[in-house]
Amino acid sequence: MRDDLLSALGSSPRIFERLLRVFPKTRLDERADPDRFTPREVIAHLADWEQVILDRVRIANMRPGSPGTVEDPGKRALDHHYRDKDVFHEAEVFESRRRTTIEYLSALNAVDWKKTFVHQNHGEISIETYMVNIVEHDMYHL
């Protein structure tokens, strides 16, 4: 299962990049719903959030049971100016950071994957379950 999970995690940046190639640039700042990110903001969010993901995995691995970082995606969007980002650059950042996350995960052993951290919304969660949630997170934004 972990090989499939790593494969799915690695596929997300490529899927987003391919979609960006054909997505109308004139629509990057359209909001499908008032409470959702624009396509530009989605890519910036994924690039930015990947560092949060890796930080949480590292906390679980190095200090099992510790609280993970607490983040507000909407606040980060404002603080990090997602709406002003170059979408193609952010897609490259997302791919690079995701590769770093996968490299870190690939070095973990079976026991490490079961280590946990305390997530601000989900409570105690293992690295493995968290990474399944990240694939779901990617698909939510897709």
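Details of the structure are given in the entry above.
Summary of the structure given here. Note that the structure is a prediction, hence the values are computed from the model and not measured. (Residues numbered from 1 in each chain as written. Predicted model: local features only at pLDDT ≥ 70, side-chain atom pairs only at ≥ 80, totals over all residues. Heavy atoms only, no water.)

1. Remarks on the overall build of the protein
Helices and strands together make up the secondary structure of the protein, namely six helices and two strands. Tracing the protein from N to C terminus, the helices and strands come up as α-α-α-α-α-β-β-α. Taking the principal axes of the C-alpha coordinates as reference, the protein spans close to 50 × 30 × 20 Å. The buried share of the protein, taken over its 142 residues, is 43%. (Helix = DSSP H or I, 4+ residues; strand = E, 2+ residues; numbered from the N terminus. Buried < 20%, exposed > 50% of the residue type's maximum accessible area, 1.4 Å probe, protein only.)

2. A short note on the pattern of salt bridges
Applying the stated criterion across every chain, the model contains 12 salt bridges. The closest approach of N and O atoms between Glu30 and Arg27, which form a salt bridge, is 3.0 Å. Since its relative accessible area comes to 39%, Glu30 is described here as partly exposed. When its relative accessible area of 41% is taken as the criterion, Arg27 is described as partly exposed. Here Glu71 ties to Arg76 by a salt bridge, and the two come within 3.0 Å at their closest N and O atoms. We classify Arg76 as buried; its relative accessible area is 14%. It is possible to trace a salt-bridge network through shared partners that takes in Arg2, Lys114 and Glu128. (Salt bridge = Lys/Arg side-chain N within 4 Å of Asp/Glu carboxyl O.)

3. A look at the packing of aromatic side chains
To describe a pair of aromatic rings, you give the distance between the ring centres and the angle between the ring planes. For the coordinates displayed, the defined rule picks out three aromatic pairs. Measuring from centroid to centroid gives 6.1 Å for Phe16 and Phe94, while their planes differ by 80 degrees, and the two rings are edge-to-face. Remark: Phe94 occurs in helix H4 (residues 87–106) and Phe16 occurs in helix H1 (residues 2–22); sequence separation between them is 78 residues. An identical accessibility class is assigned to Phe16 and Phe94; each is buried. Between Phe117 and Tyr130 the ring centres are 5.0 Å apart and the planes differ by 85 degrees, which places this aromatic pair in the edge-to-face class. (Phe/Tyr/Trp six-rings, centres within 6.5 Å; stacked < 30°, edge-to-face > 60°.)

4. Considering a nonpolar patch on the surface
Together, Ile15, Leu19, Val22, Met139 and Leu142 make up a nonpolar patch on the protein surface, roughly 450 Å² of accessible area in all. For the nonpolar patch, the leading source of residues is H1, giving three residues. Relative to the helices and strands, Ile15 is located in helix H1. (Patch = residues over 30% accessible without salt bridge, like charges linked within 9 Å, V, L, I, M, F, W, Y side chains within 5 Å. Areas by Shrake-Rupley, 256 points an atom, 1.4 Å probe, with all protein chains shown as cover.)

5. Details of the pairing of strand S1 (residues 116–119)
Here S1 runs beside strand S2 (residues 123–126); their pairing, made up of four bridges, is antiparallel. Note that in S2 the partner of Val118 across the bridge is Glu124. Count of turn residues in the S1/S2 antiparallel hairpin: three residues. (Pairing = 2+ DSSP bridges.)

6. So, unusual backbone geometry
One non-glycine residue, His81, lies in the positive phi region at around 55 degrees. Tracing the sequence through the fold places His81 in the loop between helix H3 (73–79) and H4. Overall, His81 belongs to the partly exposed group, its relative accessible area being 47%.

Just geometry here; none of it tells us what the structure is for.
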